Structure formats: C-alpha cells, structure tokens
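In case you want the letters, here they are:
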Amino acid sequence: MHTIDSQVESIAIRASGMELMYPPWEKTGAIVVESFPALGRLASLRFLEWVQRNPGGVVSLPTGKTPEYFIKWTRRFLDGWKTAETSRQLEAGGVDPSIVPDMRSLRFVQIDEFYPIEPGHHNSFHHYVNRYYIEGFGLAADRALLIDCSRIGLPAGLGLDAVWPDSTVDLSLRLRHARTEMERFHKDTLLRIDQWCHDYEERIRSMGGIGFFLGGIGPDGHIAFNMSGSDHHSTTRLTETNYETQAASASDLGGIEVAKKRLVITVGLGTITINRECTAVIMAAGEARSGVVRDAVEADTGLLYPATALRALPSTRLYLTTGAAARLEERRFRAFSAKDTSDPADTERVVVDLSLRLGKPISGLEQADFAADRFCALLPSKTRMDFRDIVDLVAARLRAKIADGAHTASATRFLHTAPHHDDIILGYLPYAVRAIRDASNSHDFAYMTSGFNAVTNSHALSLVRTLYRLLAEGRFDGLVREGYFSPGNVYGRRRDVWQYLDGVAEDRRETRDEGAARRMLRNLIEIYEDGDVENLRHRINELVNYFETQYPGKKDLPYIQKLKGMIREWESDCKWGYLGFDSASIHHLRLGFYQGELFTEEPLEERDAHPVLRLLQEVKPDMVTVAFDPEASGPDTHYKVLQAVAAALKLYEKESGRSDIEVIGYRNVWYRFHPSDADVFVPVSLNMFAVLQNTFENAFVSQADASFPSHEYEGTFARLAQRIQVEQYRMLKTCLGRSFFHEHESPLLRATRGFVFLKRMSLSEFYASARAIRRSAEEL
C-alpha cells in the first residue's frame, strides 16, 4: 500500500472506486476522474492544499490548453474563498477553508519556452505565465524565475530579430568551427545562451528545487519539452524538438512551418526530480492520450518514456480523465471482472482485441486462445454462452455492421453538421456520397464555426495579391458594371464556385484563381460595406501590409478573423459544388463561442444552441450527423459543438414532439472508434479514396501545405484520413478473414480497401454523451 499524505487525493481516490496503484502492473500512482473540468478541479484542490502546507514554496505550473480548468477552478476558489459555497466545495474536496493560501509568498519557476520568441507575443509561454499565473493567481512578480528570450545571451543593444533574422538557430555550431563572421557571432551567442541555461538550473537548485510541479504530457509522452529519449538526469537546456512536438505546437505558433524553426528552452527531467520531496502531478485528458498514459504508468522505467523519470519522486501522480485511463489494462480488467454480465458490445471488444493481438480471424480462434486471455476467459461465465457461440456472435455483429454500412438510406432528410469545414469530408465522405446519389434524399450542410484559425497569413496574403493583380488588369470591370458583386446577388455567388470548378476540370490555374478572386472581392465588399473598387484597392494594400507584418499565431483583429473565416467557407462551398450543391444547402452558422482565444469559450444556449435550433426548424431532418470525439480528444471545438447540437436537439424535440430523429456520430483524424463502439462500417473503395484526395486538394487549398497537421502523420489530413480508413479495413480483414472480402458476392465489398466507422444513436443515447450547457453568460 502507498502512503497518501493528501486529504484531497484520499477523497478523490475513494470517489473513483479504484486504488491509487495496482502493482506490479502499474508503477506510477494514478487518480481517475470523470471529466475534463473535474480533472482541473482535482489539480486545483491539490495545488491549494500544497500551498497551505508550504508557504513560500517553489512551484512550476503548465502552459497550453490542458490546464484550462485548473486555472479556472483555482481562480474561482481564490476569488470566492470566504463565501459559504466556496468553503463548502473546498471542505468537500479536502482543503481546509479556514487557511487562506499565501499566493504572494510562492516562488514561481517557468518550465519552458519556445526559442526565439518575443516575450510580449501572446503565444509565448512568458506571456502565458504572466497572464494566468502571476496576474491571475496573484503571485509576486519579483519572486518569479521566468524565461525571457529577449534577455538571454544577446549582445547589448540587439534584439532577437537582429540576432536571428529568420528565427533559425543552428545548434551544430556548438560542435563545429564557424565558417563565416555571422556564424562566429551566432556561435558566441549560443555559448551565452547555454551559460544562461546553466545559471537558470543553478538558481532552481539554490532554492532547493521545485516543490510542486504540475504538467501535461505530450503526444510522444514528453514532460515539459523533455521528449522521448531524453536523459532522466537532464538539466535546463536549449534543444530541438521532434515532429510530434512541432505538430502539437503548430496551432500556437501559426503553423508547422514556424514550429519546425523554433527551438525550446526547457527544464530537464533531472531539474524536476532534484528535490525528492517534490509533489509532481501530470494531468492527461481524453482518449487520445490513453496510449502515452499507459506507457507512463505501466512501462518499465526508461528513456523512451519521459514520465517514468518522475518515479524517483514518491509523491508523483497522474491525474486522468476516464478517457485518458482507458488503456490501463489492470483497471480495465478489474472493471470488467466486477460486472455480473458482459453485454454484446463488451463481448465484441474483448474478442476483437484478442483476434487483432493474435492476428487470427475470429472464426479461427480456439478455446485455448480464450483460456489464455484473462478477459476472454471470463466470457463464458458472464454471457452464459459457450466458446463457439461467443465467436459466432461477434463475427455476426461485425458482418451486420458492414451490411448496414453498405446499405443506402432513401427518402431521408439529412442535416450534416461539422465543427470545421473539412470535418465531413475527412470523417465520412463515402457515406455522404452514397446517400447523395439517391435522389429521394435531401441534404443540408451546417458548419458551426468559421474556422479562421486554420488560415495562415501567407495563404490569405496570396489570395489578396491575386485579387489585386486581377483588378489591375481590369478583369472584373464588366462584372462590376453588371452588378455581379452586389451583396444580394445569390446567382453571382454560385457562379464564383462554378468558375473555380471549371478551372479544376480544365486543370487551369488562372481559371481557378479568377473564381477564388471573385469570391474574395465579394467578401471584401461585405466586410468593408463598400463596393467602390478604387477604395477597395487601398483596403487590399492595407491587408497586404497586415499579412506581411503580423507575427504568426497572433490573434487577428475581428474583421481579419471574419475574412479568414470566409476563406474557409468559400472552400466548403467549392467542396459541395463537386456534388452539385450550392449555397442554398450550405449553412455557415459562425457560433459565438468560437472567438480565437486560447481557451475556447463554453457554449451557451442562447448564443450557440438557438442558431442550430432555427436550422432544425427549417430543415426538419430525419437524420443529423455530428462530430463525436470524446472531450479533450482533438480540438476542443469538436466537443463544444457536440454540446451545442445536443442542446438544440433537446429544444427541437420538446417543441416538435419528434423523438424519432437519428443521430450519426463520426470521427476523423483526431480519434478513432474501436470497432465495438461503432454500429455502421461504411465500405470505401480505391475510387472513393481518389475522390477524397482530389476534392480535398482542390477545394481546401488553405490546407494543402498541412500547416496545422496531426502529430501522428506528416502530411495533409486527407492522406491521414485515408490511412485511418485503410487501417480500419485491415482490422476487419483480420477479424473476418480476407476471403470474406475477396470472395464476397458484392462487387462493393470485393472492391473495399477502407472503412469508415460511424455510431448510430437515438436522441436519448446522444444526449447522454454531452454535458449540459448553460443558458446564458449570466450563469457563468
């Protein structure tokens, strides 16, 4: 048994119904909570408890999106400490409300920073810790040890731009001779930066080391910026990052192109563990992190898994959501063992897992295989079925799901919804295309956010420059005279798309550019409320200057956000133009919670659900599709859109009396369904892969350079989506055997080389997946 010297943790462990650790399988203690907000609440309570016990202590707190609810809960507790409700919550969580934590006595140590980056840039961690911790928590600025890149190793009078004009730092100069005067200058600067890192380390150690460390865990398992392979005794240093870290940082820095240039200054694993009495807490949320969490908890201590270095600290803990803990095998087994019965989905999961692990078709599994697997060994007693009946049941379930996916709906009104403009094409294009081919169906497409964060300054710059050139050539003079660009000219908007698609068909860049420029001019007329072309030329010059001078990742001005959002909306119009739909069927809702802030606002019923409700009233759908990613797995907009759609459907069901609406949940590149979690397996052919790639590359031009990629694939989302669908086909081919596909009577299944997994839900089943949203901002 582990000694737990924390009332907060003791209460949380009892509430979880689990132990802190299950040796010998688990080697690091873990506490599991039900949701992302609850994760932040637990971390906040443990932090405040530690501060009460350690006034004047040394703390290091994380940056990024993972600590969102940690910050919100801590601010809420501190601001309302003396209120009765806060006192009740603190006491219930294990914190003594009679002791006000002395925040100003704390010494703060910044964990890491990008390099080079100006400290005043809003995407620098220096800015983050000043905003959310120094100011937000009321810490003393003069007791904070911060990483200000503008003051690290630079010659007097020179700034970062002068020393590193293109932000490229060549670390090979540490080991080789400088060949030019500039290289000698850079080599000397690097030596001064390394000396600064050494001094930073010494200052931390002179304080006795870090007393409370709170961090997240990266997609490769990194702690701070100590990536897989980092020495467990590493110290503060300037270092490079790997691709996974660069991809995860791309949204903060304005694109992977920028992230690849950036180095990082980070404390080392040895820095964190030098104080053996340090309380180290690693937070992880969402099923997308379940793999690295499993390694952090279960793997043997080693360089591949940075979190295992923290086992040197007796008080190291992982705080996890249920999704992040999903692959901790002993916990899964104990939960499964505790059930009196195994429902069909649970039975399917464990049998499919066994089939995939052994690489054997389900029909080829033997009783000895079941007996050797501790999950499957329990199935006969839990299902009261014999081995062969269990095998036949699971194989039949998989075949039925494939049959369902091969079936095409008819006489159905579809409302396809998406958080972002490429989510549908990446998530379930084959399913949509098959339904579109049946003319008895009707289709509307709703995009909940404008997606402006996905448009880089360089892409927007190229579009406005092309427009300026075409205006200078007089290309649009006749169209302007005939009123083509008038705000109410719906037919003109459709012609923009047709012009662009003609260019795609002809493979003529100039024709495509003209279509895109027409829409850009139309958008500028709307934004500036000015149809005078000469005035707009001056506006375009202003835009060129803006996009050339703004640092990547900076939050844009509202009208620039609107323009970038319109670029994404244009791309979506082009995509559905491929399949014969125009703007009458495409709805851009621009829900208000999407503001471009680091922490996306919570959706509200009045602001965000009511626009969806109005669309439901207009379309009267029989089937609604929704991005069904778990909370904290993928962009946070996905789950918040899910909340808004669920709230709108509840309101619509109440007023219309319609409880028969079917919801289809889909996922794309951020997280996958396990086969047992999905109900519909949609076959994908090589022909459909060609449609996916052609549509994505020609319609979503802003994404062609994959500036904001997934951490698991260096390329476009369309290529990654194809890889995922092929992977899902391989899973089913293993489970059912290749002959099921290659010798099937259906040409569709013989031609199948990929699968899309979907989840079919009733309204009540869908509602259970989403936390309720608040009615208005006044309730926040």
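Bear in mind the structure is a predicted one, so any value in this text is a computation, not a measurement.

Q: How do you make sense of the packing of helix α18 (residues 457-472) against helix α23 (residues 558-577) when you look at a structure like this?
A: For any two helices packed against each other, one specifies the crossing angle of their axes together with the interaxial distance. Axis separation between α18 and α23 bottoms out at 11 Å; the angle between their running directions is 75°. Considering their axes alone, α18 and α23 lie roughly perpendicular with respect to each other. Of the residues in α23, those touching α18 at Asn457, His459, Ala460 and Leu463 are Lys564, Ile567 and Glu571. Its residues placed into classes, the contact of α18 with α23 shows three nonpolar, two polar and two charged.

Q: What's the story with helix α20 (residues 490-506) in this structure? I'm lost.
A: It helps to recall that an α-helix has 3.6 residues per turn; residues three or four apart then point in one direction. Compared with the 24 Å implied by 1.5 Å per residue over 17 residues, the 25 Å span of α20 between its first and last C-alpha is a close match. Residues of α20 that are buried: Gly492, Asp496, Val497, Gln499, Tyr500, Leu501, Gly503 and Val504. Its buried side turned inward, α20 meets α21 (509-528), α23 and α26 (686-699). Structurally, the start of α20 carries an N-cap: the backbone nitrogen of Tyr491 is 3.3 Å from a side-chain oxygen of Asn489. Of the residues flanking the end of α20, it is Asp507, one or two places downstream, whose phi is positive at about 60°.

Q: Explain the nonpolar core here, please?
A: One recurring pattern in soluble globular proteins: nonpolar side chains tend to sit buried together. Core analysis: the largest hydrophobic core is formed by 77 residues, its most contacted members being Leu467, Phe476, Leu524, Phe547 and Leu758. With ten residues, helix α17 (residues 423-436) is the single largest residue contributor to this core. Look past the residues within four positions of Phe476 in its chain and what remains in contact with it is Leu467, Leu470, Leu471, Phe485, Glu514, Ala517, Arg518 and Leu521. Counting residues in each nonpolar core, the second largest holds 64 residues, with Val350, Val394, Ala395 and Leu763 among its members.

Q: For this particular structure, what's the right way to read the packing of aromatic side chains?
A: How two aromatic rings sit relative to each other is set out by the distance from centre to centre and by the angle between their planes. Under the defined criterion, the tally for this structure stands at 41 aromatic pairs. When the centroid spacing of 5.1 Å and the interplanar angle of 75° are considered together, the rings of Phe445 and Phe581 count as edge-to-face. With Phe445 in strand β12 (residues 442-447) and Phe581 in the loop between α23 and β13 (586-588), this pair connects stretches of sequence that are 136 residues apart. The buried category is assigned to Phe581, whose relative accessible area is 17%. Centroid distance Phe476 to Phe485: 5.7 Å. Interplanar angle 55°. Geometry classified as tilted.

Q: When you look at the pairing of strand β10 (residues 317-321) in this model, what are you seeing that I'm missing?
A: On any regular strand, side chains alternate: one points to one face of the sheet, the next to the other face. With respect to burial, β10 is a largely interior element, five of its five residues being buried. The side-chain alternation of β10 yields two buried faces, one formed by Arg317, Tyr319 and Thr321 and the other by Leu318 and Leu320. Two strands pair when backbone bridges link them, and strand β1 (residues 29-33) and β10 are joined in this way by five bridges, in the parallel orientation. If you follow Val33 over to β10, its bridge partner there is Thr321.

Q: Hey, could you run me through the pattern of salt bridges in this one?
A: For side chains of opposite charge, pairing can occur when their charged atoms come near one another. Going through the model one piece at a time under the given rule, you end up with 61 salt bridges. Note that Asp422 and Arg568 form a salt bridge whose closest N and O atoms lie 3.5 Å from each other. Of this pair, Asp422 sits in the loop between β11 (413-418) and α17 while Arg568 sits in helix α23, and the two are 146 residues apart along the sequence. For Arg568, a relative accessible area of 2% gives the class buried. One network of salt bridges, in which partners are shared, links Asp5, Glu9, Arg46, Glu49, Arg53 and Arg317.

Procedures and definitions
Residues numbered from 1 in each chain as written. Predicted model: local features only at pLDDT ≥ 70, side-chain atom pairs only at ≥ 80, totals over all residues. Heavy atoms only, no water. Axes fitted to C-alpha atoms, helices over the stretch in contact; angles between N-to-C directions. Helix = DSSP H or I, 4+ residues; strand = E, 2+ residues; numbered from the N terminus. Parallel < 35°, antiparallel > 145°, perpendicular 65-115°, else oblique. Contact = heavy atoms within 4.5 Å. Nonpolar A, V, L, I, M, F, W, Y, C, P; charged D, E, K, R; others polar. Expected span 1.5 Å × (residues − 1). Buried < 20%, exposed > 50% of the residue type's maximum accessible area, 1.4 Å probe, protein only. Polar contact = N/O pair within 3.5 Å; in protein donor to acceptor, adjacent residues only side chain to side chain. Core = buried A, V, L, I, M, F, W, Y, C linked by side-chain atoms within 4.5 Å. Phe/Tyr/Trp six-rings, centres within 6.5 Å; stacked < 30°, edge-to-face > 60°. Pairing = 2+ DSSP bridges. Salt bridge = Lys/Arg side-chain N within 4 Å of Asp/Glu carboxyl O.

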